[in-house]
Structures are given as C-alpha cells and as structure tokens.
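Residues per chain are reported as follows:
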Amino acid sequence: MAEKKPWHGVIVASALPFKEDLSVDYDKFAEHVQFLADNGCDGIAPNGSLGEYQNLTEAERAKVIEVAVDAAPEGFSVMAGTGAYGALESLHWAEQAAKAGADCVMQLPPNTFRANHEQVKHHYATVAKAGLPIVGYNNPLDTKVDLIPSLIAEIHEAGHMVGVKEFTGDPRRIYEIQELAPTMDILIGTDDSVLEVGIAGAVGWVAGYPNAIPQATVELFKLSTSGNVQDLERAKVIYRDLHSLLRWDTKTEFVESIKLSMDELGLYGGPCRPPRLPLAKEVADKIIADTRAAAAKGYGK
C-alpha cells in the first residue's frame, strides 16, 4: 500500500464562518476543523476560494491558518491555500503557512493574469522556496491559466508540484497527466466528478460538500477510489443520490450554496462577505430542496 501523504484522502476546502457583523468567527472555525476530523475527513484546505480568502485582511488570512493548525488533531492535515496575484505574494503566504505548521500548500497559478508557461513555471519554483510540498490547482475558468498535462509534468519533474487538484471536471485529462508524469498525485477538484476521477486513479479530493455532509462524501470517495467492482456499484448509488447537490460546488454560487446547506442541516454556515449577497429566493429554494432530498435519503451528515 502506498504511503499516505498529507494531501491524500478527503481534504475539505473549508468554508469560513463569519459572525452577523461579518467578522471572522475563529471559535466556530476551530470547532468546524474538529467536526470534520471527527466525521472521517483527512484534512482541511483553508484560504481557498470557498474560504473567501480574497475578502480577508492580511491579519485575518494569517490567523485562519494558525487556527486551523492549532485545532487540527494529530494526523489531520492542513493544506494552506496560497493563491495570489503573483509569485512573491504566494511565497509570502507559503512561508507563513510553513511557520504556522501547515503540512502542504494548495497553489494556483498567477491570478487574473494570463501567464505564459515560463511564467507559470517560475511562479511554482518561487513558491517552492518555502519548503512545503505544493499541490497545484488547475482552475482555468477563474485564473485564465490552464495547467495543461504537459505543463504539469514539467513542473512536477522540476520538483515543484507533488499533486494537482484538477478543477476542469474533465477526467480524460487525468490519463494524460499520468502518462506524462506517472508519479504525480491526482486530486479530484470538483464535487460532481468524484466517481469519474476516482476511477481514473485519484488519491485525494479537495472537496466542498464535506463541509455539510462529511460522512456520506467520505464514503463516496473511498468507494470510488478502492478499485473494487462491488464498491463501485455502491458508489454509483450514492453518486446518483447526491449529484444534484454536489453539482452546486461548481456553480457561481458555490460558497453561498454550501453555507446554506450547512445551515439547513443544523451546522453553522452563516453569511458571506460582499461582493456575495443573499441568494435569490428561487436559487436558495433549489439548494434547500436538494439538501433536504439528500438528508431524506440518509445523507444528512
């Protein structure tokens, strides 16, 4: 059996709880870290897009990582989100994560800048100076940079990326990445592609909906990645039951959706910071209906 690394398993892209005055509720966040660990998740990825890192002050962003590390029980990984506009800023956040005691980082390419391949490689090489393992995050829709398989392979060969969170939702890419970089670890990046990317050989899942339903999603991941035919049959049942809910993870309203599902299930999701505003009633009603449907089938936790 392969050695389990800190980026293996279900690593929850954590929502960040805000109080009604929109200040960060660090106590609730620490409780959420423990809740995820108690319910079978393998780690947490704070300061990702689901954690609204773009709307945090420098002091808040640093403290989120410190609280996550302090609250994490032994064996529960912290994969710090270090996305930023440029390499020097990302290096700063990677160094802060290392000092705080994080296990690894999740690194986007340069944000909001259509960087070429040489610039992207330089970006990852710069962040690698912090000394923590880097999991790349391919989200070309939002970053305007596509980490295509050949580019991923080059960065991996240079020692600057140990795994990649694939957010395109295209499982065909996984096979090409594995051909070009056989030792690269694949992490599922979209909640509604768990089965397909799991079958393709994923060893991890940077996941949104475990914030609301950790036990069911952990079971889905394990069944989808076991390689056992009988497990896959059970995985298909859970996947079909949950897919309408998991699909919200890839929508524009993904942060609001997951927080609303948490609230609906008796957890604390709470409000979002602007520019996010309360959801339109018809959207909120659909999310609530999908959440209740999952709970009615026994997937409420």
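The structure presented is a predicted model; accordingly, all values stated were derived computationally and were not measured. (Residues numbered from 1 in each chain as written. Predicted model: local features only at pLDDT ≥ 70, side-chain atom pairs only at ≥ 80, totals over all residues. Heavy atoms only, no water.)

Draft legend 1. Molecular detail of the overall build of the protein. Each helix and strand counted, the protein has 12 helices and eight strands in total. A compact globule built from 301 residues would reach a C-alpha radius of gyration of about 19 Å, and the protein, at 18 Å, matches this within 12%. Expressed along its principal axes, the backbone C-alpha trace of the protein runs to roughly 50 × 50 × 35 Å. Residue burial in the protein is summarised as follows: out of 301 residues, 55% are buried. (Helix = DSSP H or I, 4+ residues; strand = E, 2+ residues; numbered from the N terminus. Rg over C-alpha atoms; globule rule 2.2 N^0.38 Å. Buried < 20%, exposed > 50% of the residue type's maximum accessible area, 1.4 Å probe, protein only.)

Draft legend 2. Region of the structure containing the pattern of salt bridges. Under the definition given, this model contains 16 salt bridges. Where Lys121 meets Glu154, a salt bridge forms, and the shortest distance between an N and an O atom there is 2.7 Å. Pair noted here: Lys121 is in helix α4 (residues 117–127) and Glu154 is in helix α6 (residues 149–157), with a separation of 33 residues, a long-range link. Overall, the relative accessible area of 36% leaves Glu154 in the partly exposed class. (Salt bridge = Lys/Arg side-chain N within 4 Å of Asp/Glu carboxyl O.)

Draft legend 3. Examining the packing of aromatic side chains more closely. For the structure on display, the rule yields two aromatic pairs. Sitting over the face of the ring of Tyr268, Lys28 holds its NZ or CZ atom 4.8 Å from the ring centroid. Over the aromatic face of Tyr137 sits the side chain of Lys165, whose NZ or CZ is 4.0 Å from the ring centroid. (Phe/Tyr/Trp six-rings, centres within 6.5 Å; stacked < 30°, edge-to-face > 60°. Lys NZ or Arg CZ within 6 Å of the ring centre and 35° of its normal.)

Draft legend 4. Summary view of the UniProt feature "binding site: pyruvate" (unreviewed entry) in the protein. The UniProt record annotates "binding site: pyruvate" (unreviewed entry) at Val206. In this fold, Val206 is placed in strand β8 (residues 204–207). Each residue touching Val206, except ones within four places of it in the same chain, is listed here: Ile11, Ala13, Ala45, Met79, Met106, Lys165, Leu187, Ile188, Gly189 and Asp191. (UniProt positions renumbered as here; feature names shortened; annotations may be inferred. Contact = heavy atoms within 4.5 Å.)

Draft legend 5. Representation of the sheet that holds strand β1 (residues 9–13). Around the barrel, which closes on itself, the eight strands sit in the order β1-β2-β3-β4-β5-β6-β7-β8 with parallel pairing between neighbours. Averaged over neighbouring strand pairs, the angle between their axes works out to 25° when direction is ignored. As defined by bridge partners, strand β7 (residues 185–188) adjoins β8 across two bridges and the pair is classed as parallel. Bridging across to β8, Ile188 finds its partner in Trp205. Together, β5 (134–138), β6 (163–166) and β7 form the strand contacts of helix α7 (residues 172–180), whose direction differs from that of β6 by roughly 165°. (Pairing = 2+ DSSP bridges. Axes fitted to C-alpha atoms, helices over the stretch in contact; angles between N-to-C directions.)

Draft legend 6. Region of the structure containing helix α10 (residues 229–246). At Arg240, α10 is deflected by roughly 40°, the largest bend along its length. Every buried residue of α10 is accounted for by Ala235, Ile238, Tyr239, Leu242, His243, Leu245 and Leu246. In this structure, the buried side of α10 is in contact with α8 (194–200), α9 (214–225), α11 (254–264) and α12 (281–296). The residue sitting at the N-terminus of α10 and contributing the capping side-chain oxygen is Asn228; that oxygen lies 2.8 Å from the backbone nitrogen of Gln230. (Bend = angle between axes of the 7 residues up to and from the residue. Polar contact = N/O pair within 3.5 Å; in protein donor to acceptor, adjacent residues only side chain to side chain.)

Draft legend 7. Quick peek at the UniProt feature "active site" (unreviewed entry) in the protein. With numbering aligned to this structure, UniProt lists the feature "active site" (unreviewed entry) at Tyr137 and Lys165. The greatest C-alpha distance among the residues just named is 4.7 Å, despite their covering 29 residues of sequence, which places them together in space. Residue Tyr137 is classed as buried on the basis of its relative accessible area, which comes to 5%. Excluding residues that lie within four positions of it along the chain, Tyr137 makes contacts with Ser49, Met106, Gln107, Leu108, Pro109, Tyr124, Leu147, Lys165 and Phe167. Polar contacts involving the side chain of Tyr137 include one to the side chain of Asn139, which spans 3.4 Å. One can find Lys165 in strand β6. Here the side chain of Lys165 touches Tyr137 through a polar contact of 3.5 Å, side chain to side chain.

Draft legend 8. Region of interest: the side chain of Asp191. By secondary structure assignment, the location of Asp191 is in the loop between β7 and α8. Lys165 is the oppositely charged side chain nearest to the buried, salt-bridge-free Asp191, at an N-O distance of 7.5 Å. Polar side-chain contacts of Asp191 include one of 3.1 Å to the side chain of Trp205. When sequence neighbours within four positions are dropped, the list of residues in contact with Asp191 reads Trp205, Val206, Ala207, Gly208, Tyr209, Pro210, Tyr239, Leu246 and Asp249. (Lys, Arg positive; Asp, Glu negative; His and termini not counted.)

Draft legend 9. Spotlight on the nonpolar core. Met79 and Tyr209 are the most contacted members of the largest nonpolar core, which has 100 residues in total. Residues within four places of Tyr209 in sequence aside, it is in contact with Asp191, Thr217, Leu245, Leu246, Trp248, Asp249, Ser257, Ile258, Ser261 and Ile287. (Core = buried A, V, L, I, M, F, W, Y, C linked by side-chain atoms within 4.5 Å.)

Draft legend 10. How the structure looks around the environment of Gly269. Considering the arrangement of structural elements, one finds Gly269 in the loop between α11 and α12. Put simply, Gly269 and Lys281 are 12 residues apart on the chain and 17 Å apart in space, counted from C-alpha to C-alpha.

Draft legend 11. Quick peek at α11. Among the 11 residues in α11, nine count as buried, and that is most of the element. Looking at α11, one finds that the buried residues are Phe254, Val255, Glu256, Ser257, Ile258, Lys259, Leu260, Ser261 and Met262. Among the structural elements, α1 (26–38), α10 and α12 are those in contact with the buried residues of α11. Where α11 ends, the next residue or the one after it, Gly266, has phi of about 85°, a positive value.

Draft legend 12. Structural view of the environment of Asn116. Take Asn116: it is sitting in the loop between β4 (104–107) and α4. Classification of Asn116 by relative accessible area gives partly exposed; the value is 39%.

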